[in-house]
Every structure is written in C-alpha cells, then in structure tokens.
Amino acid sequence: MAGSAVYEADAEAVVRRITPPLDRSRHKGQAGKIAVIGGCREYTGAPYFAAISALKVGADLSHVFCTKDAATVIKSYSPELIVHPILEESYSVRDDERASVSSKILTEVAKWMERFDCIVVGPGLGRDPFLLDCVSNIMKHARQANIPTVVDGDGLFLITNNLGLVEGNPLAILTPNVYEYKRLVQKVLNCDVNEETAAEQLTLLCQKIGGVTIMRKGKADVISDGKTVTQVSTFGSPRRCGGQGDILSGSVAVFTSWARHFIMSNAEPTEKSFVLMQCRVNPMTLGCIAGSLLLRKAASLAFEKSKRSTVTTGIIEFLGKSLEDICPAEH
C-alpha cells in the first residue's frame, strides 16, 4: 500500500469478529486476565479506570500492581479488582536497600506474569526514578514471557527515555496523546510532527522503533504497525474529561488478548472488510481498532445523558451497552 494511504477501519466488523461468544462451558479466566502496572501516592484514579474498564469490556480478572500508598485507596474504589501493593517509591527505600527491594518486586510480579493475557503499563505510574527502574525490569520480564504490553501515560515517558524497553517488540502497543506523540517523534525521528505527511511519519516512527504498534490518539485515532495505517474516526464526545485514555488502555488490552486468541485459533474471517482481511495477522492493530471504537461509542452515550457533566466513571458505565449494541450476547 502507498505510504500515505490511511484506511478507515471497519471497526464494528473487527469488534464482532474478535469478541468471544459467551459459552456456558467456559471457565474463569478464559475471557481474559489483565494487569495494570501503575498507581502511586498522587495518582490512584488512572489505574482504577484502566483496570475496571477491562472488566466492564468483558475480561474475567483484572489486577493492579501499585505502591503500598495507593493500594488501599484503589481497593476502596471497587472489590472487583485484585490489588497488589508491591511497588515502592524512592522516599520509602534506603539507598543500600534499592537492589534487594527491586529484586524482590520483580520476583513477586514474575510469579503472576505468565497468567496474564496482556498488561497495561503507565496509568498513574508517576515519575519517581526508583519506581520507573522497577517498572523497566517488569517490562523486560513481560517481553521475555511474550506478554503483550500496552504503554500509556507515564509509561510513555519511561519508554521515550529508554527506547530499548520496546524496540523490536511486536507485542508492544503505544497509545500517545498529542503531547506524548510529539515527544516520541522528536526523540526517535529528531524532527517535529508534520501533519502534511502524518501517515508516513507515523509509519516511519513504528519502523524506527522496530515493529511496535502505535495508536496516535486524536480527533481520529490513527493506528500503524509500520506496515499499514488505519484510523477510527467515529465521533465520540466533545467532552474532554481526564481519564478517557485510561479507559482506552484497559479496553485495548482486553481486545488485544481476544484478537490474539482469535488469530491463534486459525479462524478465518467471513467479512470482506479490507482492514480486517489485511490486519488480522496483527492482533495489536485489531485490539487498537476495537478499543478505540468502544470508547468513542461509550463516550457518545455518556455525553448524550450528561452533557457537560460527563465524567470518566459515567463513560465506563456505558462500555457494556456499547459492546452489546455492536455484538449482542447470546442468551
């Protein structure tokens, strides 16, 4: 395909195809086990939004790995989440303890890692140096275990300053907003964002980092894996309350896990959608397309109800209806 070609995704077809049917013979965990790595003293809402959104989309289990200060707060938001208070910030660790504490944290996370179908790194993570070092080790371990990783928020700050964490990893998804994307372009391509050649620049950015999938969030979410460029431009909501990116990252994680299972099951799609046929070999792309559409539909329904009072928790409550409207559950 031409470098400048951007195709509108047949996003509803993607959602319908990769969403697993509800089957009475299934057991707990088969619809997805997601983990969010994030949450510190200052930021407890973001990891909650990402983790609870994963459950609302349809994952069976959702975990949060956060600092001890954040754990009790996040637990109080919902009993549905499994919260692990194991991360540490610099202020709570002596210099002579850092190596041992870091090793202990990684050992604890590693016990769980292979159970997860996808992890989300970054919501509410903050920028504490010791915490970021620990999360870097977690990301390396996830990569060794071939666990798909969605990187958002402060996770993007981390990888922009340490590209080796995602370089050459086809199981990494980056979801930058306009400011995070600008920093990535400046770091990797050593230039500014050029809207006139936006598709080519996004493609090149993916290629330079090495096989990652990037969803550039905006009026239309534009997605590339360095080979194809697709977009989801379904209108969502004019309300730009904080936290919608966290809903997106949690949703993308679930859909990515479903897309991987769909592809590994060797099921052949029947839809004639160009995008589905071309991108079905990359579950990262499919996960981004589906997550983008679902958030936009939920945001639209929430805005219809609440207008200027729309907040993130209101959008989350419409995730289930949005998915049901596209892909009705079997009764």
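Conventions adopted
- Residues numbered from 1 in each chain as written.
- Predicted model: local features only at pLDDT ≥ 70, side-chain atom pairs only at ≥ 80, totals over all residues.
- Heavy atoms only, no water.
- Phe/Tyr/Trp six-rings, centres within 6.5 Å; stacked < 30°, edge-to-face > 60°.
- Buried < 20%, exposed > 50% of the residue type's maximum accessible area, 1.4 Å probe, protein only.
- Lys NZ or Arg CZ within 6 Å of the ring centre and 35° of its normal.
- Helix = DSSP H or I, 4+ residues; strand = E, 2+ residues; numbered from the N terminus.
- Arc of directions from axis to C-beta.
- Contact = heavy atoms within 4.5 Å.
- Pairing = 2+ DSSP bridges.
- Axes fitted to C-alpha atoms, helices over the stretch in contact; angles between N-to-C directions.
- UniProt positions renumbered as here; feature names shortened; annotations may be inferred.
- Polar contact = N/O pair within 3.5 Å; in protein donor to acceptor, adjacent residues only side chain to side chain.
- Salt bridge = Lys/Arg side-chain N within 4 Å of Asp/Glu carboxyl O.

### So, the packing of aromatic side chains
Tallied over the full model, the rule gives four aromatic pairs. For the ring pair Tyr-48 and Phe-49, a centre distance of 5.8 Å and an interplane angle of 55 degrees mean the geometry is tilted. Residue Phe-49 is classed as buried on the basis of its relative accessible area of 16%. Cluster of aromatic residues (ring-pair linked, three or more members): Tyr-48, Phe-49 and Tyr-77. Taking NZ or CZ as reference, Arg-115 lies 4.3 Å from the ring centre of Trp-112, over its face.

### Digging into helix α3 (residues 68–77)
Every buried residue of α3 is listed here: Ala-70, Ala-71 and Ile-74. Buried residues along α3 cover an arc of 110 degrees about the axis, so they all sit on one side. When the buried face of α3 is taken as reference, the exposed residues oriented beyond 90 degrees from it are Lys-68, Thr-72 and Ser-76. In this fold, the buried residues of α3 make contact with α2 (45–57), β3 (61–67) and β4 (82–87).

### Focus: the sheet that holds strand β7 (residues 172–174)
What the ten strands build is an open sheet, ordered β1-β10-β9-β8-β7-β6-β5-β2-β3-β4; its pairing is mixed. The sheet is open, and its two edges are formed by β1 (7–8) and β4, each paired on a single side. Relative to β7, strand β6 (residues 149–151) is paired through three bridges, and the arrangement is parallel. Each bridged residue has a counterpart across the sheet, and for Val-150 the counterpart in β7 is Ile-173. The sheet strands contacting helix α11 (residues 283–306) are β7, β8 (213–216), β9 (221–224) and β10 (229–232), and the helix crosses β10 at an angle near 15 degrees.

### Digging into unusual backbone geometry
Phi is positive for Asn-190, which is not a glycine, with a value near 60 degrees. Phi at Lys-307 takes a positive value of approximately 50 degrees, unusual for a residue other than glycine. Judged by its relative accessible area of 44%, Lys-307 falls in the partly exposed class.

### Here's the deal with the environment of Glu-42
Relative to the helices and strands, Glu-42 resides in the loop between β2 (33–37) and α2. Sequence spacing of Glu-42 and Gln-186 is 144 residues, and the spatial spacing of their C-alpha atoms is 28 Å.

### Digging into the pairing of β8
Neither face of β8 is exposed, since Thr-213 and Met-215 on one face and Ile-214 and Arg-216 on the opposite face are all buried. Examined bridge by bridge, β7 and β8 share two bridges and lie parallel to one another. Along β8, the bridge assignment pairs Leu-174 with Ile-214. Where β8 and β9 come together, three bridges link them in antiparallel fashion. If you follow Ile-214 over to β9, its bridge partner there is Ser-224. Connecting β8 to the next strand, β9, in antiparallel fashion are four residues.

### Some words on the UniProt feature "binding site: (6S)-NADPHX" (unreviewed entry) in the protein chain
If you check UniProt for "binding site: (6S)-NADPHX" (unreviewed entry), the listed places come out as Gly-124, Asn-177, Val-178, Tyr-179, Glu-180, Tyr-181, Lys-182, Arg-183 and Asp-246 in our numbering. Note that Val-178 resides in helix α7 (residues 178–189).

### Digging into the side chain of Asp-154
Structurally, the position occupied by Asp-154 is in helix α6 (residues 154–160). At 2.8 Å, the side chain of Asp-154 forms a polar contact with the backbone nitrogen of Gly-126. When neighbours within four sequence positions are excluded, Asp-154 is seen to be in contact with Gly-122, Leu-125, Gly-126 and Arg-127.

### Comments concerning the pattern of salt bridges
Applying the stated rule across the entire model yields 15 salt bridges. With a shortest N-O distance of 3.5 Å, Glu-12 and Lys-297 are connected by a salt bridge. Taken as a pair, Glu-12 in helix α1 (residues 11–18) and Lys-297 in helix α11 lie far apart in primary sequence, 285 residues in all. On the basis of relative accessible area, Glu-12 is assigned to the partly exposed category, the value being 30%. The partly exposed category is assigned to Lys-297, whose relative accessible area is 26%. Across the pair Glu-89 and Arg-41 runs a salt bridge, and its minimum N-O distance is 3.7 Å. Of the two residues, Glu-89 is situated in the loop between β4 and α4 (98–113) and Arg-41 in the loop between β2 and α2; the sequence distance between them amounts to 48 residues. Relative accessible area serves as the criterion here: at 7%, Glu-89 is assigned to the buried category. Given a relative accessible area of 46%, Arg-41 falls into the partly exposed group. Several salt bridges share partner residues, and in doing so they unite Glu-12, Arg-16 and Lys-297 into one network.

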